[in-house]
Amino acid sequence: MARNRGRHPRDAPVCGSVLDYRPTEQLLQSHADLWLTPLTGVDPKTHAGGWPDVLDQADCVLRTRLGEDAADGGDETLHSIALMLEMASRNAAEGNLYQATVPLAHCETLALRL
């Protein structure tokens with residue numbers, strides 16, 4: 001009989017994994033409601049271009065905000081959120097909205113620190 005030797009079975013979630021089975025649209029709207037719109041002011045209801053446009057605009061707003069804060073050293077948490085938001089924006093622009101939800105989940109965790 002083969003032993004597992006400390007590895008997880010293939011069908012077992014890795015420790016720390018979060019599995020969210022909601023449709024992509026619901027995931028994106030949840031991020032917008034919980035932290036994206038409050039942090040950036042970008043409301044998905046006002047962007048006819050859809051989620052790629054929303055994430056691009058939020059990325060621009062946050063980068064502008066960080067540029068204004070650069071004189072005082074800025075905020076490390078905001079810089080981390082900006083990096084992840086840029087990744088989400090690129091994924092969405094490439095047409096992979098579901099993949100965009102992964103860095104947005106990291107952003108949500110970071111936004112709790114603000």
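Remember, predicted model here, so these are calculated numbers, not experimental data. (Residues numbered from 1 in each chain as written. Predicted model: local features only at pLDDT ≥ 70, side-chain atom pairs only at ≥ 80, totals over all residues. Heavy atoms only, no water.)

A look at the overall build of the chain
Regarding its fold elements, the chain presents 4 helices and 0 strands. Overall, the chain shows an N-to-C arrangement of helices and strands of α-α-α-α. By residue count, 31% of the 114 residues in the chain fall in the buried class. Sequence separation of at least 24 residues holds for 48% of the intrachain contacts in the chain that already meet a minimum separation of 6. Per element, the accessible surface of the chain, about 7,600 Å² overall, is 52% carbon and sulfur. (Helix = DSSP H or I, 4+ residues; strand = E, 2+ residues; numbered from the N terminus. Buried < 20%, exposed > 50% of the residue type's maximum accessible area, 1.4 Å probe, protein only. Contact = heavy atoms within 4.5 Å. Areas by Shrake-Rupley, 256 points an atom, 1.4 Å probe, with all protein chains shown as cover.)

Observations concerning the environment of alanine 58
Assignment of secondary structure puts alanine 58 in helix α2 (residues 51–69). With relative accessibility at 0%, the residue alanine 58 sits in the buried group. Taking the C-alpha atoms as reference points, alanine 58 and valine 42, 16 residues apart in sequence, are found 5.8 Å from one another. Once residues within four sequence positions are removed from consideration, alanine 58 is found in contact with Leu36, Thr40, Val42 and Leu85.

So, the confidence of the model for the chain
Of all residues in the chain, 78% attain a pLDDT of 70 or more, and the chain-wide mean is 84. Note that residues 1–9 has pLDDT below 50 and, in this model, 4 contacts with residues that lie over four places away or in other chains. (pLDDT = per-residue confidence, 0-100.)

Focus: the packing of helix α3 (residues 76–93) against helix α4 (residues 97–111)
The relative placement of two packed helices is expressed as an angle between their axes plus a distance between the axes. α4 packs onto α3 with a crossing angle of 170° between their chain directions and a minimal axis gap of 7 Å. In this view, α3 runs roughly antiparallel relative to α4, as classed from their interaxial angle. Residues Thr77, Ser80, Ile81, Met84, Leu85, Met87, Ala88, Asn91 and Ala92 of α3 pack against Leu97, Gln99, Ala100, Pro103, Leu104, His106, Cys107, Leu110 and Ala111 of α4. Here the residues of the contact of α3 with α4 are counted per class, giving 13 nonpolar, 5 polar and no charged. (Axes fitted to C-alpha atoms, helices over the stretch in contact; angles between N-to-C directions. Parallel < 35°, antiparallel > 145°, perpendicular 65-115°, else oblique. Nonpolar A, V, L, I, M, F, W, Y, C, P; charged D, E, K, R; others polar.)

Quick word on the packing of helix α1 (residues 24–40) against α4
Contact geometry for α1 and α4: axes closest at 10 Å, N-to-C directions at 25°. As far as their axial angle goes, α4 and α1 are roughly parallel. In this structure, α1 meets α4 at a crossing whose hand is left-handed. When α1 is examined against α4, the residues Thr24, Leu27, Leu28, His31, Leu34 and Trp35 are found in contact with a partner set consisting of Leu97, Tyr98, Thr101, Leu104, Ala105, Cys107, Glu108 and Ala111. Considered class by class, the residues forming the contact of α1 with α4 number 10 nonpolar, 3 polar and 1 charged. (Left-handed = near helix turned anticlockwise from the far one by under 90°.)

Brief notes about the pattern of salt bridges
Enumeration over the complete set of coordinates arrives at 2 salt bridges. Between arginine 63 and aspartate 59 there is a salt bridge, with its nearest N and O atoms 3.3 Å apart. With arginine 63 and aspartate 59 both in helix α2 and 4 residues apart, this pair spans about one turn of that helix. Owing to a relative accessible area of 9%, aspartate 59 belongs among the buried residues under this scheme. (Salt bridge = Lys/Arg side-chain N within 4 Å of Asp/Glu carboxyl O.)

Digging into the side chain of threonine 40
Secondary-structure assignment places threonine 40 in helix α1. Only 3.2 Å separates the side chain of threonine 40 from the backbone nitrogen of valine 42, close enough to count as a polar contact. Excluding its chain neighbours within four sequence positions, the residues that come into contact with threonine 40 are Ala58 and Val61. (Polar contact = N/O pair within 3.5 Å; in protein donor to acceptor, adjacent residues only side chain to side chain.)

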